[in-house]
Amino acid sequence: MTERYLKNSLDIPSINDANPEKLDHFVKFNTEKILFNYPISHYSRDYNVYDGYAGIAFTYFHLHQLNPNLTIAGDKVGLLCTTYLSAALSAAKKTTTKHVGFLISHVGPLALAVVVYHTIEKNSDEALNYMNLILDKYHHLAIKEDSNELLYGRAGYIYALKFIQNHCFDNEEIMQKLTDDKIKEIFELIIVEGQKGGADSNSVEKPPLMWSWKGKEYLGAVHGVAGIVAILLQFKNLAEPYLNDLFQTMEWLAKNAFENGNYPSSLSNRGDHLVQVCHGAPGIVPAFLKIYELYPTHAISSTLLSAAIKSSDLIWERGILKKGLTGLCHNSLGNAYSFLLLYLVTKNEEQLSRALAFGFYASQWEKETEKKRVKVPDRPWSLWEGLAGGVIFWGDLSTVLRDVKTNMGLTVSREKVLGFPCFTDL
Ligand SMILES: [Zn+2]
């Protein structure tokens with residue numbers, strides 16, 4: 001089989017010489033590319049966060065959080081955010097979905113609408129309307145939903161509710177609607193199914209919690225146990241009674257690593273083929289690091305941190321993917337988040353240098369695509385598969401680098417929100 005990755009011969013850039021303004025230029029230049037190449041069509045049904053208009057709106061929302069005065073082709077990023085969000089909401093009306101995940105269902109654009117109307121538009125009535133729409137129309141679907149994973153399922157739904165809580169905590173009307181009981185109802189369903197799945201698991205050593213998606217026990221971030229547990233642990237009060245099971249499940253997962261630090265995509269597919277956020281180590285590293293950050297003193301957290309550090313060497317070696325450079329799901333810059341997050345947690349500058357190396361290299365995506373060294377992703381402008389993912393990464397990398405240069409790296413991890421949706425932005 002031909003390799004899925006390019007041999008990594010990147011130079012390690014010096015942090016002193018790296019210039020955040022160069023990264024800001026990548027953000028601006030590439031956001032203009034998206035604006036030009038992926039304009040709004042009123043006939044489109046591209047509503048979702050994963051690869052549609054809501055993903056572009058999410059990207060502008062994140063840029064607005066980083067710098068509300070940023071303009072792209074003459075317009076402020078906040079205005080571009082609401083424009084793409086409106087397109088996503090109209091496109092969603094042309095489609096139906098039974099699913100409830102943040103990334104691929106109507107819940108994503110609706111949750112973003114609650115947050116954007118509250119924070120950017122300062123229109124509480126509209127924000128409340130969208131909150132009511134989610135709870136009236138999608139909450140009972142979340143109860144009936146048969147998947148628990150991040151993309152379509154219940155973990156994605158409670159992520160959406162947490163995203164709203166984090167951004168709208170100062171809006172009393174929304175907080176009165178979005179009660180802890182509502183989240184608890186779904187949280188407990190995920191736990192109950194996880195306990196059943198653990199007891200029925202095909203694993204020789206059964207984990208306390210396990211979920212299946214389409215009949216397979218996935219291990220990774222997008223459909224699997226790593227992504228679900230990382231979301232559940234965000235809800236500290238609700239997670240408290242199940243903390244042992246949640247951590248032991250993660251310890252079990254860390255034991256499933258190959259010698260080289262990669263992970264099988266599922267229990268039934270144990271090949272060491274994929275090194276990408278959706279399958280393999282690059283999705284598991286952000287999940288482990290999020291858990292470590294939330295519970296730094298828990299006995300198992302240090303095991304998760306060591307496992308993440310081990311995986312980072314493999315991601316450096318095999319993380320430049322021929323599938324594409326800039327997307328988050330199965331492209332190189334999704335993989336590069338492992339380095340950026342590891343730097344923030346450990347302050348090991350080698351990890352920041354690796355993030356810079358991937359970031360600078362991926363900025364040459366047009367040249368590399370023309371040379372046919374890498375492919376054009378299926379959805380080349382989108383957030384999870386294409387260039388918008390790169391925009392978020394370069395924005396975050398610039399923020400971290402500038403902080404290192406001006407404040408010795410002391411403020412970013414605490415005060416700035418990184419924008420890899422479902423992993424770093426809570
Ligand atoms: Zn993928």
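You'll find the structure just up there.
Please read all numbers here as calculations on a predicted model, not as lab measurements.

Colleague: Before we go on, may I ask you to explain unusual backbone geometry in this structure?
Modeller: It is generally the case that most residues other than glycine have a negative phi and that most peptide bonds are trans. The residue Ala 73 is not glycine, and still its phi comes out positive at about 50°. Checked against the element boundaries, Ala 73 lands in the loop between β1 (71–72) and β2 (75–76). The exposure class of Ala 73 is exposed, given its relative accessible area of 54%. For Lys 347, which is not a glycine, the phi torsion comes out positive at approximately 60°. Relative to the elements of secondary structure, Lys 347 occurs in the loop between α14 (332–346) and α15 (349–362).

Colleague: Is there a simple way to explain helix α9 (residues 225–232) in this structure?
Modeller: Note: α-helices contain 3.6 residues per turn, so residues at a spacing of three or four share the same orientation. Counting buried residues along α9, 8 of its 8 residues qualify, which places the element largely inside the surrounding structure. Of all the positions in α9, only Val 225, Ala 226, Gly 227, Ile 228, Val 229, Ala 230, Ile 231 and Leu 232 are classed as buried. In this structure, the buried residues of α9 make contact with α6 (154–168), α8 (180–199), α10 (236–239), α11 (243–255) and α12 (281–294).

Colleague: Would you take a moment to explain the nonpolar core for this structure?
Modeller: By size, the foremost hydrophobic cluster in this structure holds 156 residues, and its most contacted members are Tyr 157 and Trp 384. The greatest single-element share of this core, amounting to 10 residues, is contributed by helix α17 (residues 387–407). Leaving out residues up to four positions away in the same chain, Trp 384 has contacts with Val 49, Tyr 50, Leu 103, Val 222, Val 277, Gly 327, Leu 328, Cys 329, His 330, Phe 420, Pro 421 and Phe 423.

Colleague: Explain the pattern of salt bridges to me, please; I cannot follow it from the model alone.
Modeller: Oppositely charged side chains can pair when the atoms bearing their charge come close. Across all of its chains, the model carries 11 salt bridges by this definition. With a closest N to O distance of 2.6 Å, Arg 402 and Asp 24 form a salt bridge. Highlighted residues: Arg 402 in helix α17 and Asp 24 in helix α1 (residues 20–37), separated in sequence by 378 residues. The partly exposed category is assigned to Asp 24, whose relative accessible area is 29%. We note a salt bridge from Lys 371 to Glu 368, for which the minimum N-O separation is 3.3 Å. Exposure remark for Glu 368: the relative accessible area of 3% places this residue in the buried category. Overlapping salt bridges, with partners in common, bring together Asp 46, Asp 51 and Arg 379 in one network.

Colleague: I tried to follow the packing of aromatic side chains on my own but got confused; where do I start?
Modeller: Where two aromatic rings form a pair, the distance of their centres and the angle of their planes describe that pair. Inspection of the entire model under this criterion finds 26 aromatic pairs. Relative to Trp 381, the ring of Trp 365 lies with its centre 6.2 Å away and its plane at 80°, an arrangement referred to as edge-to-face. Here Trp 381 lies in the loop between α16 (365–370) and α17 and Trp 365 lies in helix α16, a separation of 16 residues in the sequence. Its end group placed over the ring of Phe 235, Lys 162 keeps NZ or CZ at 5.1 Å from the ring centre. Its guanidinium or amino end placed over the ring of Tyr 343, Lys 347 lies 5.7 Å from that ring's centre, counting from NZ or CZ.

Procedures and definitions
Residues numbered from 1 in each chain as written. Predicted model: local features only at pLDDT ≥ 70, side-chain atom pairs only at ≥ 80, totals over all residues. Heavy atoms only, no water. Helix = DSSP H or I, 4+ residues; strand = E, 2+ residues; numbered from the N terminus. Buried < 20%, exposed > 50% of the residue type's maximum accessible area, 1.4 Å probe, protein only. Contact = heavy atoms within 4.5 Å. Core = buried A, V, L, I, M, F, W, Y, C linked by side-chain atoms within 4.5 Å. Salt bridge = Lys/Arg side-chain N within 4 Å of Asp/Glu carboxyl O. Phe/Tyr/Trp six-rings, centres within 6.5 Å; stacked < 30°, edge-to-face > 60°. Lys NZ or Arg CZ within 6 Å of the ring centre and 35° of its normal.

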